[in-house]
Amino acid sequence: VLGRCARERRRGTAALGHRPEQRSAVTANADTSPRDLVWPDEAAADAPAAAPVPLPEAPPPDLLRAAFGRYATGVTLGTCLSARGQPSGLSGNSFSSLSLEPPLVLWSLRLRSSQLEAFSAAPHFAVNVLRQEHLALSRQFASGPADERFSTGPWRPGVGGAPVLADAVASFECALRGWHDEGDHRLFIGRVCRVSQAEGQPLLYHRGAYRLLGPVA
């Protein structure tokens, strides 16, 4: 597994925003000769230019933040080893699955984050999904001193040395596939090398506050 992730890492060291685009031909039947294939960019060049559609004014940040907050999420701890070999981590809820084949995950980090340099340079990272009992740990990672964040919790080294929380509901150990800056965040994509899971109720976050999962009547 580690060898495969290392090969994947060597192929994907460039940032996503700097990867060359690949062209693909449209589907053709058996009677179509290669010279009859139409490339998407060539077809677009022959088509009449569409009139630009004016965009409405963007909603104010406070309103947008409040609307985003109505989407309930889980809570995760993203971790990696810095260039100096020190554990780095933060609490967040921007994690998302991206693909099953190949196994990819996505998460984002503010460009102003003090952890940006560490995660951008780290070849591996881990995403640990927290359980309800990890409420204090999440707060410690969200606002506690950086040098005390790993002082509690059953941690173990994962793929590439990224810290893995042993009693997390789920942990995804990843090789960095690439990153891309968009807006005020950097998007990270990782190839999942190893996954673990355990029974337990996940910790939730909704409208700026931690929540607990309850039964549906």
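Predicted model only: the values in this text are computed from it and were never measured.

*Asks:* Now, about the overall build of the protein: what can you tell me, with residues and values included?
*Replies:* Secondary structure summary: the protein contains 5 helices and 12 strands in total. Here the protein holds 217 residues, and the buried ones make up 32% of them. Look at the contacts in the protein between residues 6 or more apart in sequence, and 64% of them connect residues 24 or more apart. Here the protein has roughly 14,100 Å² of accessible surface; of this, 55% comes from carbon and sulfur atoms.

*Asks:* Any chance you could break down the sheet that holds strand β12 (residues 209-212) for me, citing the residues and the numbers?
*Replies:* As a general point, the strands of a sheet are linked pairwise by backbone hydrogen bonds and lie either parallel or antiparallel. Spatial strand order, β1-β11-β12: 3 strands in an open sheet with antiparallel pairing. Two strands close off the open sheet at either side, each with one partner strand: β1 (73-74) and β12. The pairing of β1 with strand β11 (residues 203-206) spans 2 bridges and is antiparallel. Directly across from Thr-73, in β11, lies its bridge partner Tyr-205.

*Asks:* Would you mind going over the pairing of β11 in detail, with residue names and values included?
*Replies:* Every other side chain in a regular strand lies on the same face of the sheet, so the side chains alternate between the two faces. Summarising the sheet, β11 and β12 pair through 4 bridges and their orientation is antiparallel. In the sheet register, His-206 faces β12, and the bridge partner there is Ala-209. The antiparallel hairpin formed by β11 and β12 contains 2 residues in its connecting segment, where Arg-207 sits at a positive phi of about 55°.

*Asks:* If you had to explain the nonpolar core to someone new, which residues and values would you point to?
*Replies:* One broad trend across soluble globular proteins is that nonpolar side chains are buried collectively. If you look at the biggest cluster of nonpolar residues, it comprises 15 residues, and the most contacted ones within it are Cys-80, Trp-107, Leu-109, Phe-119, Phe-125 and Phe-188. Broken down by secondary-structure element, the contributors of at least two residues to this core are β5 (104-110), α4 (116-121), β6 (124-129), β9 (170-182) and β10 (185-197). Counting 9 residues, the second-largest nonpolar core is a separate cluster that includes Leu-77, Leu-130, Phe-141 and Phe-150.

*Asks:* Give a detailed account of the side chain of Thr-79, specifying residues and quantitative values.
*Replies:* Tracing the sequence through the fold places Thr-79 in strand β2 (residues 76-81). Here the side chain of Thr-79 touches Pro-163 through a polar contact of 2.5 Å, landing on its backbone oxygen. Dropping the residues within four chain positions of it, Thr-79 is found in contact with Ser-88, Gly-89, Phe-119, Phe-125, Ala-126, Asn-128, Phe-150, Trp-155, Ala-162 and Pro-163.

*Asks:* Explain the state of the cysteines to me, and be specific about the residues and the numbers.
*Replies:* Counted by the stated rule, this structure contains 0 disulfides. Here Cys-174 is not cross-linked by a disulfide; its sulfur's nearest cysteine counterpart is in Cys-193, at 6.8 Å.

Conventions used here
- Starting from 1, residues in each chain are numbered consecutively following that chain's sequence as written.
- Given that this is a predicted model, residues contribute local features only at a pLDDT of at least 70 and side-chain atom pairs are listed and counted only at 80 or more, while totals for whole chains, interfaces and linings are drawn from all residues.
- No hydrogens and no water enter the side-chain calculation; it runs on all heavy atoms of the structure.
- Strands here are runs of E lasting at least two residues and helices are runs of H or I lasting at least four, both read from the DSSP assignment and numbered beginning at the N terminus.
- To sort residues, take the accessible area from a 1.4 Å probe on protein chains only and compare it with the maximum for the residue type: under 20% means buried, over 50% means exposed, and anything in between is partly exposed.
- Only heavy atoms enter the contact rule, under which two residues are in contact if any of them lie within 4.5 Å.
- Note on areas: Shrake-Rupley, 1.4 Å probe, and residue coverage restricted to the protein chains presented here.
- Here a strand pair is declared whenever DSSP counts at least two bridges between the two strands.
- Grouping buried Ala, Val, Leu, Ile, Met, Phe, Trp, Tyr and Cys residues that are joined through side-chain atoms within 4.5 Å yields what is termed a nonpolar core.
- Pairing of N or O atoms within 3.5 Å defines a polar contact, subject to two protein rules: one partner must be a possible hydrogen donor and the other a possible acceptor, and residues neighboring in sequence count only if both atoms are side-chain atoms.
- When two cysteine sulfur atoms are found within 2.5 Å, that pair is recorded as a disulfide.

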